[in-house]
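What follows is the residue order along each chain.
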Amino acid sequence: MATPKIIETHSNELQGIALTPRVPSQISSTTEKPCSPPHHHTTNPGQEFLKKSDRIPNILPHGDLAGKPDHVFGLYETPVARSVWEIDTTQRPYLSYLKSISEGWPHITWLADFMEVGTSPLKWKFLAQEDIEERAKRTRVAILDFSENGEQPTRKDVQSSTALRDLFSDHDFSHDPAYARLIIVEDLSRDVIETLGAQYDIDPLFFRSQVSDYLWYKTEDAWVELNDLDHVAAERNFFNIRYMRPRYFTTEKSIDDAKEELGTFNVLRRLEQDLSWRVRQMRKPKGATVGVVRSKTSLWLRRNRPGETGILGILVVDPTLREGYPLWDGPRNLQPCPSMHEKGFPRGAPRTTLFEDVIHYVRNMSKEDMKEIKEQPRALGITISTLVATEWKTVVSYIITGLTQIEWELEHEDYRDSIGLEGLLDRLHPLRRLIPVYHAMVDETLNTILNATKIHTSTAAGVHLRKLNKDFESILDDIKRLQIRTQNIISLATTIISMEENARAMKMNKNLVRVTYLAVVFAPMAFVSSFFSMSPNLKDLTQTIWVYFAVTVPLTILCLGLANHRRVIKLVKWLSCDGPRERRKERKI
């Protein structure tokens, strides 16, 4: 076993030395101590406003209940008030290291905040101290050790941060595996990041990119995470995969319960619903719907130093949402169906959590792939990449289903519900917004872990990775087609709405014409009757009644003629020409 070196905790020493793992004796207690001085901003004009709110430990930021994250402030005039949540870093060298480099690498600061709060710092004011402590110690880790003969890897589970520190402090535990090792982590916590980060000197960006799920940022957001240049990202030894996991919810309450459950995760994950807010408000009663959970997974591969020979990887996966149901009962089993003549059918994946499914499929990788992990370390990402691809296939199939239903309702008016055509457009707008995001997510995967230029096809694992590359390219092509199809349907729906509005306008014009005719007919009669009614003796009207009709009838005809003078002129021209004569000839024939 190679002797690990010590990570110094003083910031002035950290500036001038290369960071290396610390000795096991340093991985010890994390007992809270008085807060250390602020590491970044010494003054904060808005700090007096940073106060605790009602305790809502499972709240999701940016929602109606959480309100605007004004308590965190922004990047410019009023910096983030970090002093209220800072903790002692004497026994936390990795956290101390993050805070020491935050001046030069400010995007790392949010990871340090995450570690100190135990979850997204936007939740700080809603958490009690016991909530922060529980989240900070949360640990679910599985260690899989591979052998070079391709046998099924062994599994060791770690369920507490203390057990993880004790394991890493054990001198009998080698941090340089004999062949290959994959450490699988569900969710992230302060203690897990501290233990893994300090032991293996992990690039902070690996953890930083996993803790949040933002698709876009406002200009004053302190939690912004800017993308690397493509050539820089291609050279890193870790990969972040963004994707969506679709779930079916039977009621509106089920959706609310799912959002609350997402609030129990340490990492920030939120739900995208397939219907716009306006359509949901119009639906009474509110029924079943489908939502997709913003998800991430990250794989880190160690760059071996002198004296290190084994392959070491760390895979971080999201917790699995239990509320609702996997859409269409989830992806199919990745293993082929066994022969009916095979004795002792193999057990399928647990299908309970992503964590357990990943472990199952990793332990059942082909012997060829496991034997070639040393030549192709990215083979440790085959399982998770395959699972992500199946999720994308489900998302694509669901979008196709939704667009087909919308097209059917456009073609068949009787099948439209009460939301009408405008409601159909509202259902399309979320897709128009999200499909380009899905395109970017798949494209990122193709440019990182499945980058064709980094895959060696001389090995079986490399061939497998290249096949996955083709699968993701196919998914990318499907998303491009869906993007075009969505825009075409929006154009069609807009055209149909315009045509229907024109038809309604023409109908209203015809009604107005009828009203005009009535006014033309009765206006002369009313005028003449009013004129003759000026006589005070009603008996005199019996002698003049014929005069009323003699005047009103011609006057009415004259008014109608003036109202339709164009038609009258055409009629006169027709009568003065050969029109009647030609018609008489036709009758004789």
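Residues numbered from 1 in each chain as written. Predicted model: local features only at pLDDT ≥ 70, side-chain atom pairs only at ≥ 80, totals over all residues. Heavy atoms only, no water.

## Some thoughts on the overall build of the chain
Within the chain, the regular secondary structure consists of 18 helices and eight strands. Taken across its 589 residues, the chain has 47% of its residues classed as buried. Summarising the internal contacts of the chain: among those between residues at least 6 apart in sequence, 75% fall at separations of at least 24. Here the chain has roughly 31100 Å² of accessible surface; of this, 56% comes from carbon and sulfur atoms. (Helix = DSSP H or I, 4+ residues; strand = E, 2+ residues; numbered from the N terminus. Buried < 20%, exposed > 50% of the residue type's maximum accessible area, 1.4 Å probe, protein only. Contact = heavy atoms within 4.5 Å. Areas by Shrake-Rupley, 256 points an atom, 1.4 Å probe, with all protein chains shown as cover.)

## Thoughts on the pattern of salt bridges
As enumerated under the stated definition, the model contains 35 salt bridges in all. Close ionic contact of Arg55 with Asp131 constitutes a salt bridge, the shortest N to O distance being 2.6 Å. Here the residue Arg55 occupies a position in the loop between helix H1 (11-14) and helix H2 (93-100), and Asp131 occupies one in helix H4 (residues 129-137), the gap between them amounting to 76 residues. Owing to a relative accessible area of 10%, Asp131 belongs among the buried residues under this scheme. Of the charged contacts in the structure, one is a salt bridge between Lys296 and Glu225, with a shortest N-O distance of 4.0 Å. Residue Lys296 is located in strand S6 (residues 289-301), and its partner Glu225 is located in the loop between helix H7 (204-208) and helix H8 (230-234); the two are separated by 71 residues in the primary sequence. Salt bridges sharing common partners tie together Arg140, Arg155, Asp157, Glu186 and Glu356. (Salt bridge = Lys/Arg side-chain N within 4 Å of Asp/Glu carboxyl O.)

## Quick notes on the nonpolar core
Judged by nonpolar contacts, the single largest core of 68 residues is most densely connected at Phe146, Val358, Trp392 and Tyr438. Examining the composition of this core, we find that 13 residues originate from one element, helix H15 (residues 460-532), more than from any other. (Core = buried A, V, L, I, M, F, W, Y, C linked by side-chain atoms within 4.5 Å.)

## Focus: helix H13 (residues 382-411)
The terminal C-alpha atoms of H13, which comprises 30 residues, lie 43 Å apart, in line with the 44 Å expected from a rise of 1.5 Å per residue. Summarising burial for H13: 21 of the 30 residues are buried, a large majority. (Expected span 1.5 Å × (residues − 1).)

## Considerations on the environment of Asn58
Its place among the elements puts Asn58 in the loop between H1 and H2. Separated by 205 residues in the primary sequence, Asn58 and Gly263 have C-alpha atoms spaced 4.2 Å apart. Contacts of Asn58, omitting those with residues within four sequence positions, involve Arg135, Lys259, Glu260, Gly263 and Thr264.

## Concerning the packing of H2 against helix H6 (residues 190-200)
As a packed pair, H2 and H6 sit with axes 8 Å apart at the nearest point and diverge in direction by 80°. On the basis of the axis angle, H2 is roughly perpendicular to H6. Contacts between H2 and H6 pair Pro93, Tyr94 and Leu95 from the former with Ile193, Glu194, Gly197 and Ala198 from the latter. Across the contact of H2 with H6, the residue classes break down as five nonpolar, one polar and one charged. (Axes fitted to C-alpha atoms, helices over the stretch in contact; angles between N-to-C directions. Parallel < 35°, antiparallel > 145°, perpendicular 65-115°, else oblique. Nonpolar A, V, L, I, M, F, W, Y, C, P; charged D, E, K, R; others polar.)

## A closer look at the pairing of strand S7 (residues 311-317)
Within S7, seven of the seven residues are buried, leaving the element largely enclosed by the surrounding structure. Every second residue of S7 is oriented toward a common face, with Ile311, Gly313, Leu315 and Val317 on one face and Leu312, Ile314 and Val316 on the other, all of them buried. As judged from the seven bridges shared by strand S3 (residues 180-186) and S7, these two strands associate in the parallel manner. Bridge pairing in S7 links Ala180 to Ile311. Looking at chain direction, S6 and S7 are connected through four bridges and run antiparallel. Considered in S7, the bridge of Leu299 is made with Leu315. (Pairing = 2+ DSSP bridges.)

## Considerations on the environment of Gly381
With respect to the element layout, Gly381 can be found in the loop between helix H12 (367-371) and H13. Gly381 sits 84 residues away from Leu465 along the chain, and the two C-alpha atoms are 8.8 Å apart. If we ignore the near neighbours within four places in the chain, the residues touching Gly381 are Leu299 and Ile449.

## Describing the side chain of Arg294
Within the secondary structure, Arg294 sits in strand S6. Among the polar contacts listed, one links the side chain of Arg294 to the side chain of Glu272, at a separation of 2.4 Å. Excluding its chain neighbours within four sequence positions, the residues that come into contact with Arg294 are Asp213, Tyr214, Leu215, Tyr243, Met244, Arg269, Arg270, Glu272 and Asp318. (Polar contact = N/O pair within 3.5 Å; in protein donor to acceptor, adjacent residues only side chain to side chain.)

## Section: the confidence of the model for the chain
In low-pLDDT segments, the atomic positions of the prediction should not be examined closely. Chain-level statistics for the chain give a pLDDT mean of 81 and a share of 78% at 70 or above. Across residues 1-49 the pLDDT falls below 50, and counting only partners more than four positions away or on other chains, this stretch makes 106 contacts in the model. (pLDDT = per-residue confidence, 0-100.)

## Some remarks on unusual backbone geometry
In this model, Asp329 sits at a positive phi of 65°, which is unusual for a non-glycine residue. Of note, the phi angle at Arg351 is positive, near 60°, even though the residue is not glycine. Relative to the helices and strands, Arg351 resides in the loop between strand S8 (325-326) and helix H11 (354-363).

## What about the side chain of Thr383?
Along the chain, the position of Thr383 falls in helix H13. Ignoring any residue separated from it by four or fewer positions in sequence, one finds Thr383 in contact with Val358, Tyr361, Val362 and Met365.

## Notes on the packing of aromatic side chains
Each aromatic ring pair is summarised here by two numbers: the centre-to-centre distance and the angle between the ring planes. Within this structure, the stated rule accounts for twelve aromatic pairs. Taking 5.7 Å as the distance between ring centres and 50° as the angle between the ring planes, the aromatic pair formed by Trp110 and Trp223 counts as tilted. Of this pair, Trp110 sits in helix H3 (residues 109-117) while Trp223 sits in the loop between H7 and H8, and the two are 113 residues apart along the sequence. The same class applies to Trp110 as to Trp223, namely buried. Arranged with centres 6.3 Å apart and planes meeting at 35°, the rings of Tyr200 and Trp300 form a pair that is tilted. In this pair, Tyr200 is assigned in helix H6 and Trp300 in strand S6, connecting sequence segments 100 residues apart. (Phe/Tyr/Trp six-rings, centres within 6.5 Å; stacked < 30°, edge-to-face > 60°.)

## What to know about the pairing of strand S4 (residues 238-249)
Most of S4 is tucked away: eleven of the twelve residues are buried. One ladder, built from twelve bridges, connects S4 with S6; its direction is antiparallel. By the bridge assignment for S6, Phe238 is matched with Trp300. Note: S4 against S8, two bridges, orientation antiparallel. Across the sheet, the residue bridging to Tyr248 is Tyr325, located in S8.

## Topic: a nonpolar patch on the surface
A cluster of nonpolar residues, Phe549, Val553 and Ile557, forms a patch on the protein surface that exposes about 310 Å² of accessible area. Inspection of the secondary structure assignment puts Phe549 in helix H16 (residues 540-563). (Patch = residues over 30% accessible without salt bridge, like charges linked within 9 Å, V, L, I, M, F, W, Y side chains within 5 Å.)

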